[in-house]
Amino acid sequence: MSTKIKLMLKCDEANHVCDKAQHKDASLWEKIKLHVHLVYCNACRKYTINNIKLSKIIKKSRIECLDKKCKEKMKLELDRAIKETETN
Ligand SMILES: [Zn+2]
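Notes on the structure in this doc start here.

Calculation criteria
Residues numbered from 1 in each chain as written. Predicted model: local features only at pLDDT ≥ 70, side-chain atom pairs only at ≥ 80, totals over all residues. Heavy atoms only, no water. Donors = N, O, S within 2.8 Å, 3.2 Å for Na, K, Ca; no water. Tetrahedral: all angles 85-135°; square planar, octahedral: opposite > 155°, others 65-115°. Helix = DSSP H or I, 4+ residues; strand = E, 2+ residues; numbered from the N terminus. Buried < 20%, exposed > 50% of the residue type's maximum accessible area, 1.4 Å probe, protein only. Axes fitted to C-alpha atoms, helices over the stretch in contact; angles between N-to-C directions. Parallel < 35°, antiparallel > 145°, perpendicular 65-115°, else oblique. Left-handed = near helix turned anticlockwise from the far one by under 90°. Contact = heavy atoms within 4.5 Å. Nonpolar A, V, L, I, M, F, W, Y, C, P; charged D, E, K, R; others polar. Core = buried A, V, L, I, M, F, W, Y, C linked by side-chain atoms within 4.5 Å.

Digging into the coordination of the zinc ion
So, step 1. Of the protein atoms, only Cys 11 (SG), His 37 (NE2), Cys 41 (SG) and Cys 44 (SG) coordinate the zinc ion, at distances of 2.0 to 2.3 Å.
So, step 2. One can describe the site at the zinc ion as tetrahedral: its four donor atoms subtend angles covering 101 to 120° at the metal.
So, step 3. Here the donor residues of the zinc ion are spaced in sequence according to C-x25-H-x3-C-x2-C. Highlighted residues: Cys 11 in helix 1 (residues 11-22) and His 37 in helix 2 (residues 28-40), separated in sequence by 26 residues.
So, step 4. Taking relative accessible area as the criterion, Cys 11 reaches 37% and is therefore assigned partly exposed.
So, step 5. With relative accessibility at 2%, the residue His 37 sits in the buried group.

In structure tokens form, the structure reads like this:
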């Protein structure tokens, strides 16, 4: 169809790049394409914010919490973060 550079990601591709970026696996070009996608795609913007938020909480909880009680607290934190994102 077209030979122009593929700049427009589909939502599932954007989400995949977002996941890769979380693990520092995404290339610069992939990140640029993700940002372009996020400019016009509200759903993926939400997904990305959620993703960053959750991995931050998980990272933090892994350092601070080792026992069962803390794991329960972590789950509550995650639920709250998800709810906050949904209501924004
Ligand atoms: Zn999208």
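Comments concerning the packing of helix 1 against helix 2
Two numbers describe a pair of packed helices, the interaxial angle and the distance between the axes.
So, step 1. Interhelical geometry of helix 1 versus helix 2 gives an angle of 130° and a closest axis separation of 10 Å. On the basis of the axis angle, helix 1 is oblique to helix 2. Here the hand of the crossing between helix 1 and helix 2 comes out left-handed. Contacts between helix 1 and helix 2 involve Cys 11, Ala 14, Val 17, Cys 18 and Lys 20 from the first element and Glu 30, Lys 31, Leu 34 and His 37 from the second.
So, step 2. For the contact of helix 1 with helix 2, the residue count by class is five nonpolar, one polar and three charged.

With respect to the nonpolar core
Taken as a class, soluble globular proteins show a tendency for nonpolar side chains to be buried jointly.
So, step 1. Within the largest apolar cluster, nine residues are counted, these being Leu 9, Ala 14, Val 17, Cys 18, Ala 26, Leu 34, Leu 38, Cys 41 and Cys 44.
So, step 2. Secondary-structure elements contributing two or more residues to this core are helix 1 and helix 2.
So, step 3. The residues contacting Ala 14, other than those within four sequence positions of it, are Leu 9, Leu 34, His 37 and Cys 44.

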